[in-house]
Structures are given as structure tokens and as C-alpha cells.
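Overview (structure and organization)
Next come the chains, spelled out residue by residue.
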Amino acid sequence: MDSENRTKIRVNDLDLYYGEKQALKDINMEIKENEVTALIGPSGCGKSTFLRCLNRMNDLIDSVKINGKIYLEDEEILTTNDVINLRTRVGMVFQKANLFPMSIYDNVAYGPKN
Ligand SMILES: Nc1ncnc2c1ncn2[C@@H]1O[C@H](COP(=O)(O)OP(=O)(O)OP(=O)(O)O)[C@@H](O)[C@H]1O
Ligand SMILES: [Mg+2]
């Protein structure tokens, strides 16, 4: 059996801009299945910005422009039309709890309902 873990996420030539300001520059990396990958760097270097790309949470920020490609297995993350399906596969656990502006019940039920 092949002991090398498969690539789960592949990032090709990723650039991200907030308006004129470039926050991510030419990122190329592979994230393997069944491994823990840590991003380490000084405050403001772009860790959260990068993580938000992996389930399209930067879509919510109007000024963001992204070039390059990110693949989740064979699916293109940055162009897929099925963002709900993507977000069932790529979750994010925040440093601080973030509630949507609705009841606690609706917040808890949101994931299972979708
Ligand atoms: N919504 C935004 N609009 C404009 N610029 C932003 C926005 N979010 C982040 N930035 C800028 O992008 C750069 C990267 O920020 P990011 O939050 O990704 O860094 P980080 O590595 O996660 O930092 P920290 O360790 O403090 O969490 C910073 O210069 C930040 O000011
Ligand atoms: Mg951060």
C-alpha cells in the first residue's frame, strides 16, 4: 500500500488583493489528507485571508479580487457554483465564536438544515 498521503487541496499561483493592496502573493502549496498542516507567521501576514479562500468566505468582502486556482481533489474551489456543498466539506472553527444575526436555535440548526 502507498504510505504517502494523497494531496487533498492544491493551491496554484494564488494572489489576493483587498482593493489595491495585495495580501497574498503567488502561493503554491499542497495540503495532504490525514495530516495536520499549520500556518505560522506574524500578525497580518495573511493566514486568515488564506484560510477564508478555502471555503470562499472572502466572497463576502466586496473589495477582494483573487487570481490563481485552488483544487479540493478535482473540484475548483474558486469557481464552483455549489458553495453550500463546498462548505459542507471545508469547515472553519473560529478563534472566537461568531454568531449569525439570528436566534441561537437558528444558529445551531443552520448547518444541519443546509
Ligand atoms: N477585510 C479586509 N479589508 C482590507 N484589508 C484586510 C481585510 N482583512 C485583512 N486585511 C489585511 O490583509 C492582511 C492580512 O490579514 P490577515 O487577517 O489575513 O492576517 P493574519 O495572518 O490572519 O493575522 P493575525 O495573526 O493577526 O490573525 C493584513 O494587512 C490585513 O490588514
Ligand atoms: Mg488571522
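Summarised in this report is the structure supplied together with it. Since we're looking at a predicted model, the values are computed, not measured.

1. Overview of the side chain of Asn 58
In this fold, Asn 58 is placed in the loop between α1 (47–54) and β3 (64–72). Since its relative accessible area comes to 3%, Asn 58 is described here as buried. Within the structure, the side chain of Asn 58 is placed 3.1 Å from the backbone oxygen of Thr 49, a separation counted as a polar contact. Within the local environment of Asn 58, its side chain forms a polar contact with the side chain of Arg 52, the two groups lying 2.9 Å apart. Apart from residues lying up to four places away in sequence, Asn 58 is in contact with Leu 16, Tyr 18, Thr 49, Arg 52, Cys 53, Val 64 and Ile 66.

2. Structural notes on the pattern of salt bridges
Counted according to the given criterion, the structure contains 9 salt bridges. Glu 33 serves as the salt-bridge partner of Arg 6, at 2.9 Å between the closest nitrogen and oxygen. With Arg 6 in the segment before β1 (7–18) and Glu 33 in the loop between β2 (21–32) and α1, this residue pair connects regions lying 27 residues apart in the sequence. The class for Arg 6 is partly exposed, based on a relative accessible area of 48%. Across the salt bridge formed by Arg 10 and Glu 30, the nearest N and O atoms sit 2.8 Å from each other. Of the two residues, Arg 10 sits in strand β1 while Glu 30 sits in strand β2, which places them 20 residues apart along the sequence. Relative accessible area serves as the criterion here: at 35%, Arg 10 is assigned to the partly exposed category. Glu 30 sits in the partly exposed class, given a relative accessible area of 38%. Each of Arg 6, Lys 8, Glu 33, Glu 73, Glu 75 and Arg 89 takes part in salt bridges that share partners, so that together they form one network.

3. Here's the deal with the nonpolar core
Counting 17 residues, the largest nonpolar core has Ile 9, Val 11, Leu 14, Leu 24, Phe 50 and Ile 70 as its most contacted members. Counting only elements with at least two residues in this core, the list comes to β1, β2, α1 and β3. If one sorts the elements of this core by residue count, β1 sits on top with 4 residues. Excluding its chain neighbours within four sequence positions, the residues that come into contact with Ile 9 are Met 29, Glu 30, Ile 31, Leu 54, Ile 70, Tyr 71 and Leu 72.

4. Observations regarding the packing of aromatic side chains
Overall, the coordinates contain 1 aromatic pair when judged by the stated rule. Plain terms: the ring middles of Phe 100 and Tyr 110 are 5.1 Å apart, the flat faces sit at 50 degrees to each other, and that makes the pair tilted. Here Phe 100, found in the loop between α2 (83–89) and α3 (104–113), pairs with Tyr 110, found in helix α3; they are 10 residues apart in sequence, far enough to count as distant. Look at Phe 100 and you get partly exposed, because its relative accessible area is 45%.

Criteria and cut-off values
- Residues numbered from 1 in each chain as written.
- Chains lettered and ligands numbered in written order.
- Predicted model: local features only at pLDDT ≥ 70, side-chain atom pairs only at ≥ 80, totals over all residues.
- Heavy atoms only, no water.
- Helix = DSSP H or I, 4+ residues; strand = E, 2+ residues; numbered from the N terminus.
- Buried < 20%, exposed > 50% of the residue type's maximum accessible area, 1.4 Å probe, protein only.
- Polar contact = N/O pair within 3.5 Å; in protein donor to acceptor, adjacent residues only side chain to side chain.
- Contact = heavy atoms within 4.5 Å.
- Salt bridge = Lys/Arg side-chain N within 4 Å of Asp/Glu carboxyl O.
- Core = buried A, V, L, I, M, F, W, Y, C linked by side-chain atoms within 4.5 Å.
- Phe/Tyr/Trp six-rings, centres within 6.5 Å; stacked < 30°, edge-to-face > 60°.

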